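Examination of the molecular architecture
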Amino acid sequence: MDIINGIYEFDCELIDQVMIGYTPKDVDIIKKDYREVFDFLQQSIDISDVNQPLNLGEGGQTDLYNALGVAVSFVMFMYTIEPPFYYHLN
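An account of the accompanying structure is given in this report. (Residues numbered from 1 in each chain as written. Predicted model: local features only at pLDDT ≥ 70, side-chain atom pairs only at ≥ 80, totals over all residues. Heavy atoms only, no water.)

**Quick notes on the overall build of the protein**
- In terms of regular secondary structure, the protein is built from four helices and zero strands.
- Residue burial in the protein is summarised as follows: out of 90 residues, 29% are buried.
- Taking as baseline every contact in the protein between residues at least 6 positions apart, the subset at least 24 positions apart corresponds to 44%.
- Element-wise, carbon and sulfur atoms account for 58% of the exposed surface of the protein, whose accessible area totals about 6,200 Å². (Helix = DSSP H or I, 4+ residues; strand = E, 2+ residues; numbered from the N terminus. Buried < 20%, exposed > 50% of the residue type's maximum accessible area, 1.4 Å probe, protein only. Contact = heavy atoms within 4.5 Å. Areas by Shrake-Rupley, 256 points an atom, 1.4 Å probe, with all protein chains shown as cover.)

**Topic: the nonpolar core**
- Of all hydrophobic cores here, the largest spans 10 residues; its members are Ile4, Ile7, Tyr8, Cys12, Phe38, Leu41, Ile45, Val70, Phe74 and Met78.
- Only α1 (2-18), α2 (24-44) and α3 (70-81) provide two or more residues apiece to this core.
- For this core, the element with the highest residue contribution is α1, accounting for four residues.
- In this view, Ile45 contacts Ile4, Val70 and Phe74; residues no more than four positions away in its chain are not counted. (Core = buried A, V, L, I, M, F, W, Y, C linked by side-chain atoms within 4.5 Å.)

**Examining the pattern of salt bridges**
- Per the counting criterion, the structure on display carries three salt bridges.
- Taking the shortest distance from any N to any O, the salt bridge between Asp16 and Lys31 comes out at 2.8 Å. Of this pair, Asp16 sits in helix α1 while Lys31 sits in helix α2, and the two are 15 residues apart along the sequence.
- One salt bridge in this structure joins Glu36 and Lys32, with 2.9 Å as the shortest N-O distance. Taken together, the residues Glu36 and Lys32, both in helix α2 and four residues apart, mark about one turn of the helix. (Salt bridge = Lys/Arg side-chain N within 4 Å of Asp/Glu carboxyl O.)

**Overview of α3**
- Here α3 contains 12 residues, and its C-alpha end-to-end distance of 16 Å stays within 8% of the 16 Å for a straight helix at 1.5 Å per residue.
- Within α3 the residues assigned to the buried category are Val70, Ala71, Val72, Phe74 and Met78. (Expected span 1.5 Å × (residues − 1).)

**Let's talk about the environment of Tyr8**
- Along the chain, Tyr8 turns up in helix α1.
- Taking the C-alpha atoms as reference points, Tyr8 and Arg35, 27 residues apart in sequence, are found 7.0 Å from one another.
- Each residue touching Tyr8, except ones within four places of it in the same chain, is listed here: Lys31, Tyr34, Arg35 and Phe38.

The values are spatial; any link to function lies outside them.
Quick look at the structure:
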């Protein structure tokens, strides 16, 4: 959940920077649409407790060393569809 919220907050900051000159209502509409996408992604993740912390080498779906785990799969998915996300990672 922290990954999703962090990416969402990061995107909101970018939206604020890019949409200078637009009305606050227009900016809020874009942010609301982004929130809906991120909420959908969170609901799509097959983890019983999305607030459990990520771990290193402890096994399970939230293990960042588990290449087939949900956490790694989600990060890789975001890396492929979210240009600002992978731009800033690189």
